[in-house]
Amino acid sequence: MESSSSECPIDSLPPEIMHIIFDFLDLETLKSASLTYHRWEHIFAKYCTSRFKLCIDTKDRKNPDSTEPPTKRLQRATKMLQRTQRVYRHVHLSLMYGRFGPKHTNGVFSTIFAPHWLQQLVVLDLNLALDSEHMVTEVSDAIAKMSYLQELSATFCHKRPDGTIFIGGKYFCQFTKLTNPSLHKLKVRCLLPAFIDCPNMRSLDVSLELDKKSIADKIYLRHNEQEGTLWRVEQVEELVIDRLTSDDKLDVTEYLRQFLQHMPHLKSLRLGAFDVPDKMLQVIADSCPRLEELALKYLKVDDPDILRHLSKLTHLRNLGVWYALGTHDHSLSFASVNLPRLEKLYNNEAIFDFQSLACIPSVKWCKISPNVRRRPRSLVCDGFAEHWRQLRFLWLNLVYVQDLANILLAELPKMPALEMLVLEDVFKLPDLHTFLPPLPQLKRLVIYHTKNNLQQYNNTAELAKLVPNVKRIEMSENKYRFKYDFVGIF
């Protein structure tokens, strides 16, 4: 029998398998492993470029008390980029803070915007204080040459000579062009391009401030055969408008109507920090017949039946409402709503009329954050579960109803189809097993709370008896606390 080779069996594994193994290791372990020998270092280098993000920031966010000048941080980043042989696919570049000129930024730009980098970038996150028209042109030209770019997030502000940053001014119209053949997802803040031509763009995320000096009020209000298309958005399927403001002379609702009419394939619409009144909701329903997902941060309610307009959205599957302004003494009703395909429902502090939910039996998923601080207790608790017998997934944020948690949880046995329950910020977590009713229908239970409370919890065995069909009770630190991410609610 021949003696076995001294070569380690793992050496014969292909890089793709090694990448899967690396997924189970923390970063420090990976760094140690990469120092073992050259092949592992080479594999780790490629692994980093595809899995990790290269961050270059002139502000030390990990050490806020750092006294290192931004120019020094930028110089160190420039030297690192010039030495490294790794070509990252995901790059975050933030040059918002500090007083520095072209001589400091040229080194970073010349490396990241070099041809071999441009051909590798897939995700680019830019936060730039533009201090010259030359920088605007350089960024625009580089983006146009990124053949594999899929996602671009760009925040462009103008920097005064003293280093302070402001939004607006003459640079609004100087960022004139954004073109890319492969770009799929675009997020733009502050400075808006005057021209966008990205034929594969399916997702657009913008903030629009409408005034006569900005470019935003001219987008599609100038859209005609003589001047041509300023923004090519007819292929967009997902639209996020984080902010929509105007002076008194501009009709925001009419602007939104014209803007939406140029997106006939729109499937997802999310509106952020601005009020959506009855008329605007009607415009959305009339302009987006293919809409499958709608998320509103602020719904201005003058009529409890305001949701009736949504009946025109026959393809709607997901509906989210953060705050319903004006519903202190009444709740939002679904009594006059016909949404046969609606599956997911989210509300933060907007209270739905639970009895009217019987009108939409297709809903199987709900995330809710009831609040008795601003509304009568009866609106929050009465009939909470009685009309949701078909519900399969329920996420309950109990932070605003701590004293009523036992009343709400006592309703859960009325949901025979409930398979997954998520409890967020449970009051008196150690006593949860004393007021959670038996739920034999559950297959999965997730509890989010503070790290300290989870570490002190030691009643898992008693809790498990109440949910016998749950294989493992999942407890995790609550990363969702105070996070108002209306984009990712579903």
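Residues numbered from 1 in each chain as written. Predicted model: local features only at pLDDT ≥ 70, side-chain atom pairs only at ≥ 80, totals over all residues. Heavy atoms only, no water.

In the annotation of an unreviewed UniProt entry, the entry for the protein chain reads AGAP011774-PA, and the organism field reads Anopheles gambiae.

With 121 residues, the main nonpolar core has Ile-284, Leu-394 and Leu-432 as its most contacted residues. Per-element tally for this core: the top contributor is helix H8 (residues 252-261), with five residues. (Core = buried A, V, L, I, M, F, W, Y, C linked by side-chain atoms within 4.5 Å. Buried < 20%, exposed > 50% of the residue type's maximum accessible area, 1.4 Å probe, protein only. Helix = DSSP H or I, 4+ residues; strand = E, 2+ residues; numbered from the N terminus.)

To continue, consider the pairing of strand E15 (residues 365-368). Residues Trp-365 and Lys-367 point to one face of E15 and Cys-366 and Ile-368 to the other, with burial holding for every one of them. Judged from the four bridges that link them, strand E14 (residues 344-347) and E15 form a sheet pairing that is parallel. Within E15, the residue paired with Tyr-346 across the bridge is Lys-367. In terms of strand pairing, E15 meets strand E16 (residues 393-397) through four bridges, oriented parallel. Within the sheet, the bridge partner assigned to Cys-366 lies in E16 and is Leu-394. (Pairing = 2+ DSSP bridges.)

What follows concerns the side chain of Gln-441. Within the secondary structure, Gln-441 is located in the loop between helix H12 (432-435) and strand E18 (444-449). Judged by its relative accessible area of 17%, Gln-441 falls in the buried class. There is a polar contact of 2.9 Å between the side chain of Gln-441 and the backbone oxygen of Met-415. (Polar contact = N/O pair within 3.5 Å; in protein donor to acceptor, adjacent residues only side chain to side chain.)

Let's shift gears to the pattern of salt bridges. What the rule picks out here adds up to 13 salt bridges. Its salt-bridge partner being Arg-308, residue Asp-303 comes within 3.1 Å of it at the nearest N-O pair. Taking the relative accessible area as the measure of exposure, Arg-308 reaches 33% and is therefore partly exposed. The partner of Glu-411 in a salt bridge is Lys-414, with the nearest N and O atoms 3.2 Å apart. Here Glu-411 falls in the buried class, since its relative accessible area comes to 15%. What you see here is one network of salt bridges that share partners, running through Asp-197, Arg-232 and Glu-234. (Salt bridge = Lys/Arg side-chain N within 4 Å of Asp/Glu carboxyl O.)

Further remarks concern the confidence of the model for the protein chain. On average, residues of the protein chain carry a pLDDT of 78, and 78% of them reach 70 or more. Strand E5 (residues 165-166) is the least confidently modelled element of the protein chain, averaging 53 in pLDDT, while helix H9 (residues 278-287) averages 94, the highest of any element. Throughout residues 168-174 the model reports pLDDT below 50, and contacts reaching past four residues in sequence, or to other chains, amount to 14 contacts. Segment residues 220-228 is flagged for pLDDT under 50; beyond a separation of four residues in sequence, or across chains, it makes 14 contacts in the model. (pLDDT = per-residue confidence, 0-100. Contact = heavy atoms within 4.5 Å.)

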